[in-house]
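# Breakdown of the fold
Here's the letter readout for the chains.
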Amino acid sequence: AIAVVGLYALRLVFPLRLSADYSYDQIPAVTSPLDAGFVAGLAVIVAVLALAWWAWRHVPAIALGVAVLVLTFLVVSNLVFLIGTIMGERLIYLPSAGFCLALAAGLAWIGGVRRDAARWPVMFTLPVVAITVLYGMRTVARNAVWREPLGFFQQMVVDAPRSARSHRELGSELAEAGRFAEATQAFERSLAIKPEDANTLYNWGNALSGQGNWDAAADTYRRAIAAKPNFAQAYENLGNVESARGDQQAALVAMRRSFELSQSSPYLLMNMANVYFRAGSLAEARATYEQALAQGPVTTELLTNYGMFLYGQSDFAAAAGVLARIAPPAPARALVALAVSQQQLGHTAEAQATRASALRLHPRDPGVQQMEDFFRRGPTTGDASP
């Protein structure tokens, strides 16, 4: 914590190197009182206390700024109590107000600013203008880093190359962009810094799953669970992968374990219902969909999945009741199933209105085109859907 004081002081005075991440292992642990970072941080603490003592007697405005800086910084410094974060530039936003006040008061004292002066002296104005311009330019340049996610995480790796999290987040963003080879390299670098980290393995599993590499994804989720046995999300995603691999029983085992650990996710219940359906356990699937709806919040994805399940069972009344609850714009498949269900129930006007919405919102969707064929030819015996 004392070594980090020196880093904060450097960022305040000379903010050329900034970073959104200081997590493990970006800041090396202090192992000796002779550590350069520890000595620098201790020197900053002594210098600030000495400045406050001197300013209290000679320039009270400086003392006020230092007091604001010190008192607000103590809350986030880990010197008084641990806050769970080693360092974060956002944590010194309020303390920086005290720093600015002390700096301005110090420049005014050095420049000989007087209350009754008609204008500020040059010795005060020039340093204030120079500092404002330089800090302003740094602000504008830094703001550009936050414009889009991939560029942000690429810069985060540059700013915090020793951080496992930086490489992990970059890997996830590269996978989202479909750059899987580069994502793999980023995840491997993250694990080289923090071996068998559960969060990194989980994100890597998500990337492999998005790539359709089910076997590797399942192995990676299992590694995440081995590192963190109560990792509910890893169990849930392992269940999704096992289901995609065709092993519905293994999927149910993983999802039930996830539910035991979390018991608060309608999305998990929806996935469990989907697996029950694939396993042929239709009664369990319907009961689990209903449980997900009762738990809430009710999402478009949940209503669509349940509605399509009911539609597939030719329960048109229940399907129409569920699908009609979807807030516009509804997905194409939901509108198709709703229109056909309404038609099968004899609600012709409602069916035509839903059909028109589907054509307006999703004119190129293959399912919508099949729906049009269904309505043009009219349902035949045993023909329940397009």
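Refer to the structure printed above.
These notes cover the structure that comes with them.

Thresholds applied
- Residues numbered from 1 in each chain as written.
- Predicted model: local features only at pLDDT ≥ 70, side-chain atom pairs only at ≥ 80, totals over all residues.
- Heavy atoms only, no water.
- Axes fitted to C-alpha atoms, helices over the stretch in contact; angles between N-to-C directions.
- Helix = DSSP H or I, 4+ residues; strand = E, 2+ residues; numbered from the N terminus.
- Parallel < 35°, antiparallel > 145°, perpendicular 65-115°, else oblique.
- Left-handed = near helix turned anticlockwise from the far one by under 90°.
- Contact = heavy atoms within 4.5 Å.
- Nonpolar A, V, L, I, M, F, W, Y, C, P; charged D, E, K, R; others polar.
- Buried < 20%, exposed > 50% of the residue type's maximum accessible area, 1.4 Å probe, protein only.

### Concerning the packing of helix α1 (residues 2–13) against helix α2 (residues 36–58)
Helix packing for two helices is described by the angle between their axes and how far apart those axes are. At a closest axis distance of 7 Å, the pairing of α1 and α2 adopts a crossing angle of 70 degrees. Considered as vectors, α1 and α2 are oriented roughly perpendicular to each other. Both α1 and α2 take part in a crossing whose hand is left-handed. Seen from α1, the contacting residues are I2, A3, V5, G6 and A9; seen from α2, they are G37, F38, G41, L42, V44 and I45. A breakdown of the residues in the contact of α1 with α2 according to their chemical character gives 8 nonpolar, 3 polar and no charged.

### Notes on unusual backbone geometry
Cis geometry is found at the peptide bond from Y24 to D25, where omega equals 5 degrees. With respect to the helices, strands and loops of the structure, D25 is situated in the loop between α1 and α2. Each neighbour pair has its own omega, and for G296 with P297 the value is 0 degrees, a cis peptide bond. Within the secondary structure, P297 sits in the loop between α14 (282–295) and α15 (300–312). Of note, E196 is a non-glycine position whose phi angle comes to about 50 degrees, a positive value. The residue E196 is located in the loop between α8 (180–193) and α9 (198–210) in this model. Using a relative accessible area of 40% as the deciding quantity, one classes E196 as partly exposed. A positive phi angle is found at S314, which is not glycine, with a value near 65 degrees. Accessibility expressed as a relative area gives 40% for S314, which makes it partly exposed.

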